[in-house]
Amino acid sequence: MIRSTRHAGFAVAALVLLLVALPHLLSQGLLNAAIQMLIAALFACAYNLLCGQAGMLSFGHAAYFGVGAFATIHAMKALGGAGLVPTPFLPLAGAAAGLAVGAAAGWFATKRSGTYFAMITLAIAELLHSLAPHLKGWFGGESGVSAMRMPAFGISFGSTTHVYYLTMAWVLACLAALYLYTRTPLGRLTLGLRENSHRLAFLGYDVHRVSVLVFALSAMFSGIAGGLQVVNNEAANYVLFDMQLSAAPVLHAFIGGVKVFLGPAIGAALMTFFGYAVSDLTQSWLLYQGILFVLIMMFMPDGLAGLWFRCAAWRARVGTLRAMPGLLAAISAALLLAAGTVFTVELLQRLFAQDYRALARAAVTQPWPSVHLFGRDWLPGAVETWLVPLALLAAAGVLAVIAKRMVRTMSYATEPRGVTASTTPLAQAGSST
Amino acid sequence: MDTFVVSLLNGAVYGLLLFMVSAGLTLIFGMMGVLNFAHASFYMLGAYFAYALEGTLGFWGALVASPFLVMGFGVAVERYFLRRVHHHGHAHELLLTFGLAFICAELIKLFFGNYPVNYRIPQAIDFAAFTVGSVGYPAYRVFMGGVALAMFGLMYLLLARTRVGIVVRSAIYKPRMVEALGHNVPVVFMGVFGVGAGLAGLAGAVAGAFYTTNPNMALELGAMVFVVVVVGGLGSLEGAMLASLLIGVVTSLAVSIDLSLADLLAHVGARDWAEAVGGLFTLKVSSLAATLPFALMLLVLLVRPGGLLGEKP
């Protein structure tokens, strides 16, 4: 236990050092992506306080992100553009707005639990989304609100590097605060909300009040994330209230793993990075993200972080050398599956794109012209075009079965009693809903 | 007066449409305890399937075939997705359907593009059924309302008057007991899920031609359907009917009200103050039409958290 704690400590210290050194290692464009990753990580962790720790599934967290963003932009614009507070403290406005709106919305939403709660949060977000374009004074209508970052404390905040350090400081401070929160009595109460709210009530706690408090805190940290986004973009638009943004922390948190504190942050950082990296190559990034989410919900409910820990535990049990073939088989199965899926989706995307349809209609001699993909031309009518993804997917399936069998036989060989099936992290969350 | 009657009728038709979608959601929830996030996606799929089949089967053929396709899709979702994660608990099922809804929307964008498609009602039935004052009332709206009412009647007869209905109702109430009596409850669940999905698909196929068919329609309607089931009370068909009609009529009437809070405050002599404050005070009710259902939901939660016809929490 002590060893693993020390390991985690080293890992976090290394991560912080890497984050500090990042501006010297990356180009401006990548640094901008790093800012987005940090913001998404904070948003996902703020979301996880409510969803993973308190067991309340919210589908409308964009509301608090957006409110925080707009509060920050108005703070930035206040006093004739001078800003209500110096630039580094602007996200405080987002925090205050997130806390206030979160407390009000949370009061309604936490009146019901489980399924109702999920629907109410979604409806509150949609309420703001439908109202925002009409309130020009607050949300600036269709065009939105923009402002300028002002220099403060001798720092100009003109370059991406300055903004990066500001964002990094805020995100690290908030993540530290969120982590320390889990160590406080209130943090334990939050877990109690998820595990058994009836028992909390019998112990004399006001469950509704605790729920509202947790909801408001989660909204506050989401508001800070929104504020940081605005400090970076210097503009805010009512599109911030879109469902797309509410879906992001849900996908990120569960892909990363809600049972590990940094799981959502890792999921958010990974997904945002890939989204940035492939945004030029594909239009279907959200589709891949959705497929990944569904696969994770179906086959490894504790997310990537949970998968990592399970692999590590298994490796520790059977030894690195003996674990290797099984791990290799599993990894290659995953890679083949990804390759097959990407090929199919990209092929379909090109075949159903508007310009290809126009091309197909115009071509008289050959009704189905070829599409260029991965450095080759593929004829939609040819058998091999469809054989390639099928072969990839079939190979992935075979390898997955082999890997599963390997892992199982080896586990039985080393653990004669037979380890029972993995625990299901959401079962508890589900039973309380 | 004429416009009032017309908006009342429009509201009722929209409400009936909402009911068609929320009925399936409520039934599925009552039976399996699963809030199906993808339910509004079934509505969208219904519209898109009908659009895709229109060329080969004709409008009416597509209208009949599309709900069955959606039903098959719903059955597959229940059998191969939901049943697999059932032992993880309801929160997990909710998240899975959320992911499926996400994938549905993205796939629709992939195949049909991220813009409204040209799915319209045929010229032949685009005429006025009757006139209210001087305004002609479109026959297709009457048809939409008729489909919803016929569906409500059929479903009621099926649930209340047939042997299948008895098994379904008892499976909702005591699934284990029904299983012990020799009925195949998983198949009943699958059937109800499929029928619920098919109903949503039918609503989509019928309504998509009249309203717009675009990749956002699932989300727009989905939020409204959630409002309906919260206001009506989850699991109650009558509640869903009442809430759908209420919300349909309220939204439709609000569009034609050209008043704001400032006009109301003018009666107590505070118009200037209200106009100086701006914001919510000078907002016209007509532009709030899309917001009112959500406000109604918050109000219901405040005074009757179980919903209008739901049980006490």
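Residues numbered from 1 in each chain as written. Chains lettered and ligands numbered in written order. Predicted model: local features only at pLDDT ≥ 70, side-chain atom pairs only at ≥ 80, totals over all residues.

1. Brief notes about the overall build of chain A
Next, step 1: Helix and strand counts for chain A stand at 18 helices and four strands.
Next, step 2: In terms of C-alpha radius of gyration, chain A reaches 24 Å, essentially the compact-globule figure of 22 Å for 433 residues.
Next, step 3: When the backbone C-alpha atoms are referred to their principal axes, chain A occupies close to 70 × 65 × 45 Å.
Next, step 4: When burial is assessed residue by residue, chain A has 42% of its 433 residues classed as buried. (Helix = DSSP H or I, 4+ residues; strand = E, 2+ residues; numbered from the N terminus. Rg over C-alpha atoms; globule rule 2.2 N^0.38 Å. Buried ≥ 20, exposed ≤ 12 C-beta atoms within 10 Å, placed from the backbone.)

2. What to know about the overall build of chain B
Next, step 1: Within chain B, the regular secondary structure consists of 12 helices and two strands.
Next, step 2: Beginning at the N terminus, the succession of helices and strands in chain B can be written as α-α-α-β-β-α-α-α-α-α-α-α-α-α.
Next, step 3: Against the 2.2 N^0.38 benchmark of 20 Å for 313 residues, chain B shows a C-alpha radius of gyration of 21 Å, consistent with a compact globule.
Next, step 4: The C-alpha extent of chain B, read off along each of the three principal axes, is 70 × 50 × 40 Å.
Next, step 5: A sequence separation of at least 24 residues applies to 74% of the contacts in chain B between residues at least 6 apart. (Contact = placed C-beta atoms within 7 Å.)

3. A word on the packing of helix H3 (residues 62-77) of chain A against helix H10 (residues 207-233) of chain A
Residue and element names in this part refer to chain A.
Next, step 1: Interaxial distance between H3 and H10 falls to 7 Å at its minimum, and their mutual angle equals 50°. Judged on the interaxial angle alone, H10 and H3 are oblique. Every pair of crossing elements has a handedness; the one defined by H3 and H10 is right-handed. When H3 is examined against H10, the residues Tyr64, Phe65, Gly66, Val67, Gly68, Ala69, Thr72 and Ile73 are found in contact with a partner set consisting of Ala219, Ser222, Gly223, Ile224, Ala225, Gly226, Gly227, Gln229, Val230 and Val231.
Next, step 2: Of the residues belonging to the contact of H3 with H10, the class tally is 10 nonpolar, eight polar and no charged. (Axes fitted to C-alpha atoms, helices over the stretch in contact; angles between N-to-C directions. Parallel < 35°, antiparallel > 145°, perpendicular 65-115°, else oblique. Left-handed = near helix turned anticlockwise from the far one by under 90°. Nonpolar A, V, L, I, M, F, W, Y, C, P; charged D, E, K, R; others polar.)

4. Concerning the interface of chain B and chain A
Next, step 1: On the chain A side, the residues contacting the 39 residues of chain B number 46 residues.
Next, step 2: Secondary-structure elements contributing two or more residues to the side of chain B that touches chain A are helix H2 (39-85), helix H3 (90-112), helix H8 (217-232) and helix H12 (292-303) of chain B.
Next, step 3: Here the element with the most residues in the side of chain B that touches chain A is H3(B); it accounts for 15 residues.
Next, step 4: Of the residues in the side of chain B that touches chain A, the class split is 27 nonpolar, 10 polar and two charged.

5. A look at the nonpolar core
Next, step 1: Within the largest apolar cluster, 209 residues are counted, with the highest numbers of intra-cluster contacts made by A:Ala41, A:Leu42, A:Ala123, B:Cys104 and B:Val227.
Next, step 2: Once you skip the residues sitting within four places of it in the chain, B:Val227 turns out to touch A:Ala123, B:Ile247, B:Pro293, B:Phe294 and B:Met297.
Next, step 3: If you look at the next biggest cluster of nonpolar residues, it comprises eight residues, including A:Phe343, A:Leu392, A:Ala396 and A:Leu399. (Core = buried A, V, L, I, M, F, W, Y, C linked by C-beta atoms within 7 Å.)

6. Re the domain arrangement of chain A
Next, step 1: When the domains of chain A are assigned, the result is domain 1 (17-290) and domain 2 (319-432).
Next, step 2: Computed from C-alpha atoms alone, the centre-to-centre distance between domain 1 of chain A and domain 2 of chain A is 33 Å. (Domains from an automatic or database assignment.)

7. Observations concerning the confidence of the model for chain A
Next, step 1: Across chain A, the average pLDDT comes to 80, with 91% of residues at 70 or higher.
Next, step 2: Predicted confidence is poor over residues 415-433 of chain A, with pLDDT under 50, and the contacts of this stretch with residues over four places away or in other chains come to 40 contacts. (pLDDT = per-residue confidence, 0-100.)

8. Description of helix H13 (residues 285-299) of chain A
Next, step 1: End to end, H13(A) covers 21 Å across 15 residues, agreeing with the expected 21 Å (1.5 Å per residue, within 8%).
Next, step 2: Buried residues of H13(A): A:Leu287, A:Tyr288, A:Gln289, A:Gly290, A:Ile291, A:Leu292, A:Phe293, A:Val294, A:Ile296 and A:Met297, and no others. (Expected span 1.5 Å × (residues − 1).)

9. Observations concerning the confidence of the model for chain B
Next, step 1: Confidence in the prediction for chain B averages 82 pLDDT; 91% of positions are at 70 or higher.
Next, step 2: Both scores are given for the predicted complex: the pTM is 0.82, the ipTM 0.81.

10. Here we look at the environment of B:Gly306
Residue and element names in this part refer to chain B.
Next, step 1: Tracing the chain through its elements places Gly306 in the segment after H12.
Next, step 2: A tally of 18 C-beta atoms within 10 Å means that Gly306 is categorised as partly exposed.
Next, step 3: In sequence terms Gly306 and Val230 are 76 residues apart; their C-alpha atoms lie 7.8 Å from each other.

11. Thoughts on helix H2 (residues 28-53) of chain A
Next, step 1: Taking 1.5 Å of rise per residue, the 26 residues of H2(A) would be expected to cover 38 Å, and the 36 Å separating its terminal C-alpha atoms lies within 8% of that figure.
Next, step 2: After H2(A) finishes, the residue A:Gly55 shows a positive phi value of roughly 70°.

12. A closer look at the packing of helix H4 (residues 91-109) of chain A against H10(A)
Residues and elements named next belong to chain A.
Next, step 1: Where H4 contacts H10, the two axes come as close as 6 Å, and the packing angle between them is 145°. Along this stretch, H4 crosses H10, giving a crossing that reads as right-handed.
Next, step 2: The class makeup of the residues in the contact of H4 with H10 is 17 nonpolar, 10 polar and no charged.

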